[in-house]
Amino acid sequence: MKIAISSDHGGNNLRKEIMQQLEELGLSYEDFGPTSDDSVDYPDYAVPVTEGVVSGKFDRGILICGTGIGMSIAANKVKGIRCALVHDVFSAKATRCHNDSNVLAMGERVIGPGLAREIVATWLAQDFEGGRHTRRVEKITALEN
């Protein structure tokens with residue numbers, strides 16, 4: 001599995017924590033920055049991750065900002081992205097199993113690194129269940145056109 005990851009300045013510390021986790025899990029990832037703690041605009045950092053996922057270069061993406069809200073809104077503007085803002089383990093599982101989310105958004109100012117690691121591990125481990133959920137995901141996709 002290949003992961004694209006990025007943050008804005010408000011998510012830098014948590015992004016570094018999650019990159020360390022990805023290394024520990026032996027997963028391939030590409031970091032899209034930022035490279036400093038200077039203030040940046042989150043849409044500029046959401047786009048390379050989402051474009052990479054839509055193109056198939058990456059299997060999934062992870063986006064982090066202060067709350068996760070801005071990143072998730074920006075990500076969901078990209079056709080083919082189903083980004084879920086998650087701050088608990090149950091939702092991490094549900095969004096993969098039921099919504100086939102391909103991008104995860106989290107907020108560094110909302111959750112700590114321990115919970116974020118649990119969320120990421122859970123989200124990465126889940127497969128889409130299909131079945132009745134396929135019809136619903138197809139309806140979401142149809143809204144993009």
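Please refer to the structure higher up on the page.
These notes cover the structure that comes with them. In this text the structure is predicted, and so the values were computed from the model without any measurement.

**What about the packing of helix H4 (residues 89-97) against helix H5 (residues 113-125)?**
Line of reasoning, step 1. Two elements in contact, H4 and H5, have axes whose closest approach is 8 Å; the angle formed by their N-to-C orientations is 20°. Compared by their axis directions, H4 and H5 come out roughly parallel. Of the two possible hands of crossing, H4 and H5 adopt the one that is right-handed. Between H4 and H5, the residues in contact are Val89, Ala92, Lys93, Thr95 and Arg96 and Leu115, Glu118, Ile119, Thr122 and Trp123, respectively.

**Looking at the pairing of strand E5 (residues 103-107)**
Line of reasoning, step 1. Among the five residues that make up E5, five are buried, leaving the element largely enclosed by the rest of the structure.
Line of reasoning, step 2. Burial of the side chains of E5 extends over both faces: Val103, Ala105 and Gly107 are buried on one face and Leu104 and Met106 on the other.
Line of reasoning, step 3. Relative to E5, strand E3 (residues 60-65) runs parallel, the two being bridged by five bridges. Across the sheet, the residue bridging to Leu63 is Ala105, located in E5.
Line of reasoning, step 4. As paired elements, strand E4 (residues 83-85) and E5 share three bridges and run parallel to each other. Paired with Leu85 across the bridge in E5 is Ala105.
Line of reasoning, step 5. For the handedness criterion, the β-α-β arrangement of E4, H4 and E5 is classed as right-handed.

What counts, and where the lines are drawn
Residues numbered from 1 in each chain as written. Predicted model: local features only at pLDDT ≥ 70, side-chain atom pairs only at ≥ 80, totals over all residues. Heavy atoms only, no water. Axes fitted to C-alpha atoms, helices over the stretch in contact; angles between N-to-C directions. Helix = DSSP H or I, 4+ residues; strand = E, 2+ residues; numbered from the N terminus. Parallel < 35°, antiparallel > 145°, perpendicular 65-115°, else oblique. Left-handed = near helix turned anticlockwise from the far one by under 90°. Contact = heavy atoms within 4.5 Å. Buried < 20%, exposed > 50% of the residue type's maximum accessible area, 1.4 Å probe, protein only. Pairing = 2+ DSSP bridges. Right-handed = clockwise from strand over helix to strand, strands pointing away.

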